[in-house]
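# Results of the structural survey
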Amino acid sequence: MISGFVMAYNYQDKITNNEISFNKYFKKRVRHLWLINFITLLIVAVEHFIYFRYTGTTYIAGNFDLWHFVLNVFMLQYGVTELSYSFNVPAWCLTIELICYVIHFAIVKKDKNGEYWIIKSVGIILLGLAVLSQGLSYPIINYEVARGAVSYFIGVLLCWGFKKCKGYKNSMVNVGIYFYLVVSYLAFRKYGATWISSYTFYTVLCFAPLILWITVNDTIVNRILSAKIPVFLGKISLYIYLLHFPVQYFIKIVDVIFNLQIKYSNPLFLLTYSSVTFFVSAVIYALKQRKITRISKPQ
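Here's a quick rundown of the structure.

Definitions and cut-offs
Residues numbered from 1 in each chain as written. Predicted model: local features only at pLDDT ≥ 70, side-chain atom pairs only at ≥ 80, totals over all residues. Heavy atoms only, no water. Axes fitted to C-alpha atoms, helices over the stretch in contact; angles between N-to-C directions. Helix = DSSP H or I, 4+ residues; strand = E, 2+ residues; numbered from the N terminus. Parallel < 35°, antiparallel > 145°, perpendicular 65-115°, else oblique. Left-handed = near helix turned anticlockwise from the far one by under 90°. Contact = heavy atoms within 4.5 Å. Nonpolar A, V, L, I, M, F, W, Y, C, P; charged D, E, K, R; others polar. Core = buried A, V, L, I, M, F, W, Y, C linked by side-chain atoms within 4.5 Å. Buried < 20%, exposed > 50% of the residue type's maximum accessible area, 1.4 Å probe, protein only. Phe/Tyr/Trp six-rings, centres within 6.5 Å; stacked < 30°, edge-to-face > 60°. Polar contact = N/O pair within 3.5 Å; in protein donor to acceptor, adjacent residues only side chain to side chain. Expected span 1.5 Å × (residues − 1).

### Observations concerning the packing of helix α1 (residues 2–16) against helix α2 (residues 22–55)
For any two helices packed against each other, the geometry comes down to the angle between their axes and how far apart the axes lie. Packing of α1 against α2 leaves a shortest axis separation of 12 Å and a crossing angle of 160°. As judged from the angle between their axes, α1 and α2 are roughly antiparallel. When the axes of α1 and α2 are compared, the crossing they make is right-handed. Here Met-7, Tyr-11 and Ile-15 of α1 lie close against α2, whose contacting residues are Tyr-25, Lys-28 and Arg-29. Tallied by class, the residues present in the contact of α1 with α2 amount to four nonpolar, no polar and two charged.

The following block contains the structure:
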């Protein structure tokens, strides 16, 4: 959902005005995702070998072979040809993001009627919700792709609404958003997710979009998240997401080899695990930025 919002904010007008080609647009997105994906893939591949040697199995992801390694190299881990996880499990979402990038470009580029893309986006969301409600599980037409597409294009529509309402404090739209947030939360507290079908529906239709809206608008939440530390965490969020599993895997390997019997439910462990993940993510991000700076300097 955040990706949909950010992509619409940064690229929607450029695509509409023919200021960026598909090749340039897609290459920029792949370049942003590929290196950290490949680094984490190599780390997890090594961890798989070590863990398999000591246990005779792999941790969480069962598909550990050359074919699935190649799929991961091209960020096609899940949803297109495969409906199971492999290697760095969290990287499944990269496939769905790439699919959404392509669809987003296509519906905006082919829009001959100004804002007809809005109808197309709503159609994609409804189609995704239908797939989710029916529990379909086929290549492309499956739970994860549908959940990703629904979330992404809700983010796109939120960006459109944000641009339309920007500068209008205390507008009826914002009042309605806050009212819906409170009512949906109270309904969730009283009836659970059954009032809106499932936890997935509640997350993608209520909680996530409303929190995102509150975050990007001029609110206390926005001001808090605009401080230096939250902004930096935002910059390394992709690294945190793709590195948290390799860090987790490493801890699991150490636990198995030395029979430490780590209590994973201990709050102190969670704090340590989170701190290590943040530190590793920050270091790799800094190294990448240093490389980019060095390349960009004139010779």
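### Describing unusual backbone geometry
With phi around 55°, Met-75 is a residue other than glycine that occupies positive phi space. Looking at the element boundaries, Met-75 is found in the loop between α3 (66–73) and α4 (92–109). One non-glycine residue, Phe-87, adopts positive backbone phi at about 50°. Among the secondary structure elements, Phe-87 is positioned in the loop between α3 and α4.

### Section: the nonpolar core
The biggest cluster of nonpolar side chains holds 62 residues, and the ones touching the most others in it are Tyr-25 and Tyr-152. If you tally residues by element for this core, the top one is helix α6 (residues 143–165), at 13 residues. The residues contacting Tyr-25, other than those within four sequence positions of it, are Met-7, Tyr-11, Ile-15, Ile-20, Tyr-101, His-104, Phe-105 and Tyr-152.

### Observations concerning the packing of aromatic side chains
The tally for this structure, following the rule as stated, stands at 27 aromatic pairs. The interplanar angle of 70° and the centroid separation of 5.2 Å between the aromatic rings of Phe-22 and Phe-105 together place this pair among those described as edge-to-face. Of the two residues, Phe-22 sits in helix α2 while Phe-105 sits in helix α4, which places them 83 residues apart along the sequence. On the accessibility criterion, Phe-22 (29% relative accessible area) is partly exposed.

### Quick notes on the side chain of His-68
Within the secondary structure, His-68 is located in helix α3. Accessibility expressed as a relative area gives 6% for His-68, which makes it buried. Engagement of the side chain of His-68 in a polar contact is seen with the side chain of Asp-65, the distance being 2.7 Å.

### Comments concerning the side chain of Thr-58
One can find Thr-58 in the loop between α2 and α3. Here Ala-61 takes part through its backbone oxygen, which lies 2.4 Å from a polar atom of the side chain of Thr-58. Dropping the residues within four chain positions of it, Thr-58 is found in contact with His-48, Tyr-51, Phe-52, Phe-64 and Tyr-249.

### Overview of α1
For α1, built from 15 residues, the straight-helix expectation of 21 Å at 1.5 Å per residue is met to within 8% by its first-to-last C-alpha distance of 21 Å. Tucked into the core, α1 has its buried residues touching α2, α4, α5 (116–134), α6 and α8 (199–216). Two residues or fewer past α1, Asn-18 is found with a positive phi of approximately 55°.

### Topic: the environment of Phe-162
With respect to the helices and strands, the residue Phe-162 is situated in helix α6. As a C-alpha pair, Phe-162 and Asn-217 span 55 residues in sequence and 7.7 Å in three-dimensional space. Ignoring any residue separated from it by four or fewer positions in sequence, one finds Phe-162 in contact with Phe-5, Tyr-9, Trp-213, Val-216 and Asn-217.

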